[in-house]
Amino acid sequence: MRMKVILATLGLLMVASAALALGKPQSDDKPELAIASLEHSFGTIKPGTPLTYSFLIKNAGKANLEIKSVAPSCGCTTSHFDKVIAPGAEGKITLAVEKTDAYKGEVTKTATVSTNDPAHSSFQLTLKAQFATE
């Protein structure tokens, strides 16, 4: 009888250990943001030309990449973005400046991005343009 109790206890401990191991995320199960460039230059353009660019984001990790927020540095810049990018998939963050009629010379617009990637929890995207003086 005592042997049955010991075996039953060991069995329960093994099942509990296995359940705990399955329930906790592995250290490798995290998102991994990959982006070719944090900056895009439109070169020299005419005033009044809208600025729109989509930064491609790849999730090279093993967990969903969450883009928590994209905060442009000024009200003239808008953003649209994929909120969740699955492992191995690509998404995008699009920045746009529609009204550029009054712009002259070099212009730089930025947006701060927050994600759940521990290595890239916050970073900045930059748009640049040189507006030609006519």
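Residues numbered from 1 in each chain as written. Predicted model: local features only at pLDDT ≥ 70, side-chain atom pairs only at ≥ 80, totals over all residues. Heavy atoms only, no water.

Engineer: So what's going on with the sheet that holds strand β5 (residues 77-81)? Residues and values would help.
Structural biologist: Read across the open sheet, the four strands follow the order β1-β3-β7-β5; overall the sheet is antiparallel. This sheet does not close on itself; its edge strands, each paired only once, are β1 (33-35) and β5. Looking at each pair of strands side by side, their axes are set apart by 25 degrees on average, direction ignored. (Pairing = 2+ DSSP bridges. Helix = DSSP H or I, 4+ residues; strand = E, 2+ residues; numbered from the N terminus. Axes fitted to C-alpha atoms, helices over the stretch in contact; angles between N-to-C directions.)

Engineer: Hey, could you go over the environment of Ser121 for me, with residue numbers and the actual values?
Structural biologist: Along the polypeptide, Ser121 turns up in the loop between β8 (105-115) and β9 (122-131). On the accessibility criterion, Ser121 (42% relative accessible area) is partly exposed. Note: C-alpha distance between Ser121 and Lys68 (53 residues apart in sequence) is 9.3 Å. Those residues within four positions of Ser121 in sequence are excluded, and the remaining contacts are Val113, Ser114 and Thr115. (Buried < 20%, exposed > 50% of the residue type's maximum accessible area, 1.4 Å probe, protein only. Contact = heavy atoms within 4.5 Å.)

Engineer: Give a description of the nonpolar core that names residues and reports values.
Structural biologist: Ile57, Ile67, Val70, Ile93, Leu95, Val113 and Leu125 are the most contacted members of the largest nonpolar core, which has 14 residues in total. For this core, the secondary structure elements donating two or more residues are β3 (51-59), β4 (65-72), β7 (90-97), β8 and β9. Every residue in contact with Ile57, bar those within four places of it in the chain, is listed here: Leu33, Ala34, Ile35, Leu65, Ile85, Ala89, Glu90, Gly91 and Ile93. Core analysis: the next-biggest nonpolar cluster, separate from the first, contains seven residues, Leu51, Val97, Val107 and Ala129 among them. (Core = buried A, V, L, I, M, F, W, Y, C linked by side-chain atoms within 4.5 Å.)

Engineer: Please set out the pairing of β3 residue by residue, giving values where relevant.
Structural biologist: Across three bridges, the pairing between β1 and β3 is antiparallel. Paired with Ala34 across the two strands is Lys58, which belongs to β3. Sheet topology note: the β3/β7 ladder contains eight bridges and is antiparallel. Across the sheet, the residue bridging to Ser54 is Thr94, located in β7.

Engineer: How would you summarise the packing of aromatic side chains if you had to cite specific residues and measurements?
Structural biologist: Applying the stated criterion to the full structure yields two aromatic pairs. For the ring pair Tyr53 and Phe55, a centre distance of 4.9 Å and an interplane angle of 80 degrees mean the geometry is edge-to-face. With relative accessibility at 2%, the residue Phe55 sits in the buried group. For the pair Tyr103 and Phe131, a centre-to-centre distance of 5.4 Å together with 75 degrees between the ring planes defines the contact as edge-to-face. Residue Tyr103 is located in the loop between β7 and β8, and its partner Phe131 is located in strand β9; the two are separated by 28 residues in the primary sequence. With respect to class, Tyr103 is no different from Phe131; both count as buried. (Phe/Tyr/Trp six-rings, centres within 6.5 Å; stacked < 30°, edge-to-face > 60°.)

Engineer: Requested: an account of the pattern of salt bridges, with residues and values cited.
Structural biologist: Here the structure, examined in full by the defined rule, presents one salt bridge. Note that Lys128 is salt-bridged to Glu39, the shortest N-O span being 3.8 Å. Separated by 89 residues along the polypeptide, Lys128 in strand β9 and Glu39 in strand β2 (residues 39-45) bring together distant segments of the chain. By relative accessible area, Lys128 is classed as partly exposed at 27%. (Salt bridge = Lys/Arg side-chain N within 4 Å of Asp/Glu carboxyl O.)

Engineer: Give me the lowdown on the environment of Phe131, citing residues and values where you can.
Structural biologist: For Phe131, a relative accessible area of 1% corresponds to the buried category. For the pair Phe131 and Thr100, spaced 31 residues apart in sequence, the C-alpha to C-alpha distance is 8.9 Å. Aside from chain neighbours lying at most four places away, what touches Phe131 is Ile45, Lys46, Pro47, Thr49, Leu51, Thr100, Tyr103, Lys104, Gly105 and Val107.

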